[in-house]
Every structure is written in C-alpha cells, then in structure tokens.
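Overview (structure and organization)
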Amino acid sequence: MDIVLMTIGKTRIGFVADGIMEYSRRLARYVPFGVSELPDVRSTRAMTEEQQKEREGSMILDKISPADFVVLLDERGRQFSSVEFASYMEKLMGSGRKRMVFVIGGPYGFSEDVYARADARLSLSRMTFNHEMVRMFFVEQIYRAMTILRGEPYHHE
C-alpha cells in the first residue's frame, strides 16, 4: 500500500523540511511513501475563511481518487497512542486498498466537501501545533508505527 501525506503549502521551515526528508528516507525501507504539497491559495485577503477552505478543498479533492482511503488530520479526530496507531496502520494496510492519503489542511481546516469525502479523522493532540511541524511529527509517527509493527527497537514502552 502506498502512503501519501498531502499538505496545503510547501514546508518552508528548514529544520522541519530536513526532518520530513529524514523520516521519509527511513520509511522507504518499509512502505512506498511520498509527500504531496499542494499550492497555497493566493490572494486570501479578499476571501472569507469559508472561501479559502473551499478553494483548498477543491485542490485536495482533485488529487484524491475514489479508491483512496482518506484520513484527515483534524483537531476533532480520534487520538491514538503510538502502539494503537501502529495497529490502526496494520489494519489499514491489510484492507486491500492501494493508497492511503493523510491530509493536513490549511490554516482554517477543511471544507465540508472534504469532510464528506474523508474515511476517517485523526488528531495528534488536543494541543495546537504549527501546520508545518505537524507534518514532521506525523511522518515520524508513521515511521515509528512501522518499527513497532516490525518489532524493532526504535519505540520504547
């Protein structure tokens, strides 16, 4: 199963981009993994939050196929421990789907159309994090899940 992390906007913070690259490289040992950075919506000053979410939502939906399993990273999503997340990933990887897409939206979240298309929602924490840093945290968690599933010593209980 291919795993994709889809984001709105590029990662501009250097150390965050380096971390994403490092964990993406490590993940290549376990699963096909990629990051898909969609362009930021331009000229947002004249837009409402809802209009910006709609524009971003259209870009997201254009890049998702009907066969994809889509998980939104959302503050109201389900929370897991790292071991629970590894079990969740194992179940999804055994589901027969070809591609799993995790989506990090823009600053205002997701449009109603994106919520309607999603198969699941996942929350990393009840705290709020910088959207760019969430990318690195999440890629590390996917890597951690793979090492847990393989019984490797990266994760300590």
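Coordinates for the structure precede this section.
The rules behind each value
- Residues numbered from 1 in each chain as written.
- Predicted model: local features only at pLDDT ≥ 70, side-chain atom pairs only at ≥ 80, totals over all residues.
- Heavy atoms only, no water.
- Helix = DSSP H or I, 4+ residues; strand = E, 2+ residues; numbered from the N terminus.
- Buried < 20%, exposed > 50% of the residue type's maximum accessible area, 1.4 Å probe, protein only.
- Pairing = 2+ DSSP bridges.
- Axes fitted to C-alpha atoms, helices over the stretch in contact; angles between N-to-C directions.
- Contact = heavy atoms within 4.5 Å.
- Patch = residues over 30% accessible without salt bridge, like charges linked within 9 Å, V, L, I, M, F, W, Y side chains within 5 Å.
- Areas by Shrake-Rupley, 256 points an atom, 1.4 Å probe, with all protein chains shown as cover.
- Salt bridge = Lys/Arg side-chain N within 4 Å of Asp/Glu carboxyl O.

**Here we look at the environment of E90**
The residue E90 is located in helix α3 (residues 82-93) in this model. Judged by its relative accessible area of 46%, E90 falls in the partly exposed class. Along the chain, E90 and V41 lie 49 residues apart, while their C-alpha atoms are 35 Å from each other.

**Describing the sheet that holds strand β3 (residues 69-78)**
Backbone-to-backbone hydrogen bonds pair the strands of a sheet. The strands run either parallel or antiparallel. Strand order in the open sheet formed by five strands is β2-β1-β4-β3-β5, and the pairing between neighbours is parallel. Since the sheet does not close on itself, it has two edges, and those belong to β2 (33-38) and β5 (120-122), each with one partner. When the angles between neighbouring strand axes are averaged without regard to direction, this sheet yields 30°. Two strands pair when backbone bridges link them, and β3 and β5 are joined in this way by four bridges, in the parallel orientation. Its bridge partner being in β5, V71 is matched across the sheet by A120. Here α3 sits on the sheet in contact with β1 (2-8), β3, β4 (99-104) and β5, set at roughly 135° to β4. Most of the contacts of helix α5 (residues 131-149) go to β1, to which it runs at about 170°, and overall it touches β1, β2, β3, β4 and β5.

**Quick look at a nonpolar patch on the surface**
Residues L124, M127 and F129 make up a contiguous nonpolar surface patch of about 280 Å² in total accessible area. Looking at where M127 falls in the secondary structure, it is placed in the loop between β5 and α5.

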